[in-house]
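Understanding the architecture of this molecule
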Amino acid sequence: MAVRRKLIKERVPTPERPPKERVKDFKEVNLGYTFELAVKEAERCLQCPYEYAPCIKGCPVHINIPGFISKLVEYRDNPDKAVREALRIIWNDNTLPAVTGRVCPQEDQCEGACVVGKVGDAVDIGKLERFVADYARKNGIEEELLCEFEEECTGELGKVAIVGAGPAGLTCAGELAKMGYKVTIFEALHKPGGVLAYGIPEFRLPKEILDHELAKLNRLGVEIKTDHVVGRTVTIEELLQEYDAVFIGTGAGTPKLLNIPGILLGRIYSANEFLTRVNLMKAYEFPEYDTPIAIGKKTIVIGAGNTAMDAARSALRLGSEVTIAYRRGREDMTARIEEIKHAEEEGVQFEFFLQPVEFIGDENGRVKAVKFERMRPLEERDKRGKRKIVGTGEYVTLEADTVIIAIGLEPNRIITETPGLKTNPNGTLVVDENLMTSIPGVFAGGDAIRGEATVILAMGDGKKAAKAICDYIEKKRAKANA
Amino acid sequence: MGYRITAKENLSVIDFFMEVEAPHVAKAWKPGQFVVFILHEKGERVPMSVYKADKETGRVSMFIRKLGKTSLQLYYEFNVGDELWSFLGPLGKPIKVKYYGNVVFASDAVCGQAENYATLKAMKEAGNYTISIQSFENRANVYPEEFLAKPVADEYYLTTEDGSVGIKGHYLDVVKKLIEQDKVDIIFAGGKLGSLAKLAELTRPYGIPTITTVRQIMVDGTGMCGSCRILYDGEIKFACRDGPMFDAHKVDWDDVIRRDSRFAEQQALARERYLAKLREKGVI
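The following refers to the structure shown. The structure displayed is predicted, hence computed values, not measured ones.

Calculation criteria
- Residues numbered from 1 in each chain as written.
- Chains lettered and ligands numbered in written order.
- Predicted model: local features only at pLDDT ≥ 70, side-chain atom pairs only at ≥ 80, totals over all residues.
- Heavy atoms only, no water.
- Helix = DSSP H or I, 4+ residues; strand = E, 2+ residues; numbered from the N terminus.
- Rg over C-alpha atoms; globule rule 2.2 N^0.38 Å.
- Areas by Shrake-Rupley, 256 points an atom, 1.4 Å probe, with all protein chains shown as cover.
- Lys, Arg positive; Asp, Glu negative; His and termini not counted.
- Charge placed at Lys NZ, Arg CZ, Asp CG, Glu CD.
- 1 Å grid on protein atoms, 1.4 Å probe; cavity = no way out; pocket = protein on both sides within 12 Å on 5 of 7 lines; lining within 4 Å.
- Points joined across faces, edges and corners; volume = space filled by probe spheres on them.
- Nonpolar A, V, L, I, M, F, W, Y, C, P; charged D, E, K, R; others polar.
- Pairing = 2+ DSSP bridges.
- Core = buried A, V, L, I, M, F, W, Y, C linked by side-chain atoms within 4.5 Å.
- Buried < 20%, exposed > 50% of the residue type's maximum accessible area, 1.4 Å probe, protein only.
- Contact = heavy atoms within 4.5 Å.
- Phe/Tyr/Trp six-rings, centres within 6.5 Å; stacked < 30°, edge-to-face > 60°.
- Lys NZ or Arg CZ within 6 Å of the ring centre and 35° of its normal.

Further remarks concern the overall build of chain B. Across its full length, chain B carries eight helices and 17 strands. The globule rule puts the C-alpha radius of gyration for 284 residues at 19 Å, and the 18 Å found for chain B is close to it. Surface exposure of chain B reaches about 11200 Å², of which carbon and sulfur atoms provide 50%. Taken together, the 39 basic and 38 acidic charged side chains of chain B have centroids lying 2 Å from each other.

Written out as structure tokens, the structure reads:
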């Protein structure tokens, strides 16, 4: 007879740095579990059987969540062993747990489906995943496992080129390397990581963790060529002559801007520009670092996704007062709950139902205020389940000497200029069920095909594409040998 | 891995020449396209026009003004044999090289002077009659002969604003005369933004196609950040991805010029700090 577990409704909290202290720097906000706390939280998991576990179904890469959590409890007397066994299970499905444990919207995925969550707080799966990754990294356990993996990475089965070193590309690369392919990633920026490098601030994903994940790929034999823009430095056509297949993971790298009067005023940034200057180029350490950022005393961030939260919290850390203005209501904000909570704790103000209609400039050509129209929600809902909104004809003007626009992204158009590469009206690449584009041998995934989604969905695509690429190359070989 | 500097030379009191080994860029570069480099780990991403790119040797060369912190540091601290941290390109769209008839290229500052040579060379190879105009402020700013666009031009004009060398005046004066002589089928130009705005107004009444470099502050250079956005024919375009060469008649020049000074305070601070350091060390 199965042992009936006692259900503990409340989550074991993870230590966080106090808001007043953390807004002064860019160091990580959440400190993560200790082993003891992790075991306590792990014990709350009801261990749903693999076939039924809703958390696994809710995870885009189907990590065996009860499996890895059970190891923490099972080997509670031997932390190293507990983590080694847990990491082995996670790595079967996801080689970047230190990243996903930090940036996944768990409340919409694994934790959103958790049975414990129906009666209390869902098991903190994200923090447990992060704990396993962090502990393994710090205690040499990852190193042991990498040595085992390395031997499988022969690079003999074929050559694959990957465009873009973001979550989709990195995952696809890792999977293909493990299968025995020689992989080369082409990255436009001087640093790999894509959105993980330029978009997500240090206080959410420290760069040393990203660097570590990238070093892992190097160990698996993956080569990363930075400073290469595919479509300019080298074309897809040229890559196909040298490689057996190509994977495009170029993301949604182009910011949407508001086409309203005043958009060209000074100190109006796209979130991408703002975050790239601050995160990737370390403008917060200007003039020690050479990239500047110009920011005033009052910042308005337009939008309510994770990018908006990242931009708002970065602006706070640069010493500005920050207000997030969103055209819909609080319940429609798309950011992770944790990010919204952190932003509020740190002092970000929120204004809802405000649609920007004009940026007002001063005599120096810099923004000094934003004019908004007040919006009103309707009962009717749109395709995404959000309440539709209409203008009220009533206007408000808020002072701001800095504006950051975080209303979304669209795919980068350099790659879509490739002859023969079919796109949808919104600029995303057309792919079949195997993620193959209209050019045979060229696959794509992540935001390049989704428009805007999450890191984990991009990773899921990278993984799926790796399998499809493997099949494609095998079939091609068989045909050639027949 | 870095990118080795293979040549460095003074062009004038304010500009210098630098050649870098970057085969991946040299192989693909076409006139009109630019590069982005970073000096070192703490450096910024700097867009730069290209003078020549040699597919055989894999070397790319540029004209650079000793102006901001980065270019000053490059000039004072980086020598032949040293390496740049990052070198990306080619970026932007190449110019359309075809037969136009009489092709003029006019320039009055470092980035335009580099493009003057490259563009006209390609245009001459396409069978055009090429006219080059290069303007400098005075004798001390004029480049040595071997760096001028003279060899690729069928007709060549050098002007200085004070008349110390060549024709007294600016390229705008020469262009005016060429238009009167009905000698201009298309004009390309690069250099100072203010001059380009004036050029656009000069050629507009004649309907002469006028294609100019729209220099804007950039970060990534691939269309990812939107920093280099301009208003073009009423629409937002990105100079890095959609340009950098645009039909000058459709560009909102007031905005372009204003946006160019967005980081003036920060740039001045960085420059002053660096110059103070050089003075302290006795370099200058």
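Further notes follow.
Residue and element names in this part refer to chain B. The computed volume of the second largest pocket comes to approximately 1200 Å³. Around the second largest pocket, the lining is made up of 40 residues, and of these Val-46, Pro-47, Leu-67, Arg-215 and Gln-267 lie nearest the centre. Secondary structure elements with two or more residues in the lining of the second largest pocket: β4 (46-49), β6 (59-65), α2 (69-77), α3 (110-125) and α8 (264-281). At five residues, α8 tops the list of elements feeding residues into the lining of the second largest pocket. Residues belonging to the lining of the second largest pocket are distributed by class as follows: 19 nonpolar, 10 polar and 11 charged.

Another aspect to go through is empty space enclosed by the protein. One way to see where empty space is left: roll a probe the size of a water molecule over the atoms. Residues and elements named next belong to chain A. As enumerated under the stated definition, the model contains five cavities of 30 Å³ or more in all. In this structure, the largest cavity encloses a volume near 130 Å³. Along the walls of the largest cavity sit 14 residues, with Asn-30, Arg-102, Arg-130, Arg-204 and Glu-338 positioned nearest its centre. If you tally residues by element for the lining of the largest cavity, the top one is helix α17 (residues 337-346), at three residues. Classifying every residue of the lining of the largest cavity gives two nonpolar, three polar and nine charged.

What follows concerns the sheet that holds strand β11 (residues 155-160) of chain B. All names here are of chain B. Pairing within the open sheet is mixed, and its seven strands lie in the order β12-β11-β10-β9-β13-β14-β17. Edge positions in the sheet fall to β12 (167-168) and β17 (245-247), since each has one partner strand and no second. Alignment of strand β9 (residues 102-107) against strand β13 (residues 186-190), held across five bridges, turns out to be parallel. Pairing of Phe-105 across the sheet is with Phe-188, part of β13.

Another point: the nonpolar core. If you look at the biggest cluster of nonpolar residues, it comprises 108 residues, and the most contacted ones within it are Phe-68, Leu-72 and Ile-248 of chain A. Ranked by residue count, the leading element in this core is helix α20 (residues 455-481) of chain A, at 10 residues. Discounting residues that sit within four places of it in the chain, Phe-68 of chain A has contacts with Ile-63, Ala-86, Ile-89, Ile-90, Ile-125, Leu-128, Glu-129 and Val-132 of chain A. Core analysis: the next-biggest nonpolar cluster, separate from the first, contains 61 residues, Phe-359 of chain A together with Ile-208, Met-218 and Val-251 of chain B among them.

Bringing the packing of aromatic side chains into the picture now. By the definition in use, this model includes 25 aromatic pairs over all chains. For the ring pair Phe-37 of chain B and Phe-87 of chain B, a centre distance of 6.4 Å and an interplane angle of 5° mean the geometry is stacked. Of this pair, Phe-37 of chain B sits in strand β3 (residues 34-38) while Phe-87 of chain B sits in strand β8 (residues 86-91); the two residues are 50 residues apart in sequence, bridging distant segments of the chain. Three or more aromatic residues link up through ring pairs in this structure, and these residues are Phe-17, Tyr-51, Phe-63, Tyr-117, Phe-136, Tyr-143 and Phe-147 of chain B. We note Lys-371 of chain A situated over the ring of Tyr-395 of chain A; from NZ or CZ to the ring centre the distance is 4.8 Å. The cationic tip of Lys-66 of chain B hangs over the ring face of Tyr-75 of chain B; the distance from NZ or CZ to the ring centre is 4.3 Å.

Function cannot be read off these values alone, since they describe shape.
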